[in-house]
Amino acid sequence: MKIWLDGNLVDEAAAKVSVFDHGLLYGDGVFEGIRFYNGRIFRLEEHIRRLFDSARAIILDLPWTREEVCGFTCATVAANDLTDGYIRLVVTRGAGGLGLNPYLCPKPSMFIIASTIQLYPEEHYKNGLSIITCATRRPSPAALMPQVKSLNYLNNIMAKVEAIQANALEAVMLNEQGYVTECTGDNLFIMKNGTLLTPLISDGALDGITRAVIIELAGTLGVPVVERSLTRYDIFTADECFLTGTAAEVIPVVALDRRVIGSGKPGPITQRFLAAFHQLAMTTGTPIR
Ligand code: PXG
């Protein structure tokens, strides 16, 4: 496997970062997870724009243009002869001294991995997931801006641990007010009385690229969408529920906290979104070469 590391494609074994890198020492950095299908990178420009916005929000100056980063990403996929897979693009604050001060890190480090990912076993895409509500809350937007896709995932990992310990594959995370935000690595949608509902970004969800694609597809499919604060009540009483994410794609949810949602099977509108998403993913995107 060839890895992009600070301007070069290097062998996996040579792809090493410093123990003084603040990405490692403090989680000081940002990342993107991007999928490619059928030789094309899906929503590449949107991902790179979000990367630059995340970096800007944490005062991490990137010494590349967005076009250059798109080029590095394509070159990494091409070097690995892949047509379908998952890209992990990471920018860290770079190596510096001990101590938090990011201004003492002279230059950011970037690495890009092109590989594959499977978040959930295949059967759940057909039969749906049974998920739980976890006790771990999403940090308030005042503590950690939810739009920033930062390297601070300990909160999400603790939520994931709760899910696994409860024999579930995913966990709904509430914010400090008790409103639903998202799952550990996916945005959440419900269908209720013919309307598609999803939590507000300002309640603490990541501004997901797949979330935006679903909202766009809702327009095409003629499904009205409302972004508003949701509670567990809304999920318990929903007709359908599904999760979205680059890694997760679109996956139905059939139970929350052992309570059946809707019919207990993936819903018909969910299945339409799932099909429309795959159709779009397979036919659009930035060509790798
Ligand atoms: N919420 C969170 C907290 C995420 O990390 C999403 C939602 C979905 O956003 P997109 O833009 O992908 O539709 C994410 C996505 C990984 C990995 O290991 C990354 C994510 C999720 C799961 C695994 O790279 N990020």
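Calculation criteria
Residues numbered from 1 in each chain as written. Predicted model: local features only at pLDDT ≥ 70, side-chain atom pairs only at ≥ 80, totals over all residues. Heavy atoms only, no water. Core = buried A, V, L, I, M, F, W, Y, C linked by side-chain atoms within 4.5 Å. Buried < 20%, exposed > 50% of the residue type's maximum accessible area, 1.4 Å probe, protein only. Helix = DSSP H or I, 4+ residues; strand = E, 2+ residues; numbered from the N terminus. Contact = heavy atoms within 4.5 Å. Pairing = 2+ DSSP bridges. Axes fitted to C-alpha atoms, helices over the stretch in contact; angles between N-to-C directions. Parallel < 35°, antiparallel > 145°, perpendicular 65-115°, else oblique. Nonpolar A, V, L, I, M, F, W, Y, C, P; charged D, E, K, R; others polar.

(A) Fine view of the nonpolar core. V30, I41, I48, V69, L89, V91 and M110 are the most contacted members of the largest nonpolar core, which totals 28 residues. Those elements that place two or more of their residues in this core are β3 (29-37), α2 (44-57), α3 (66-79), β5 (85-92) and β6 (109-115). When sequence neighbours within four positions are dropped, the list of residues in contact with I41 reads I34, R35, F36, T73, C74, V77, I87, G285, T286 and I288.

(B) Molecular detail of the pairing of strand β2 (residues 8-11). Pairing geometry for strand β1 (residues 2-5) and β2, over four bridges, is antiparallel. Paired with K2 across the strands is D11, a residue of β2. The hairpin turn running from β1 into β2, its antiparallel successor, is two residues long, and D6 in that turn takes a positive phi close to 45°.

(C) Seen up close, the packing of helix α6 (residues 209-221) against helix α8 (residues 268-283). The interhelical angle for the contact between α6 and α8, taken along N-to-C directions, is 110°, at an axis separation of 10 Å. Here α8 runs roughly perpendicular to α6, going by the angle between their axes. Residue-level inspection shows T210, V213, I214, L217, A218 and L221 of α6 in contact with α8, the latter providing R272, F273, A276, F277 and L280. Classifying every residue of the contact of α6 with α8 by side-chain character gives nine nonpolar, one polar and one charged.

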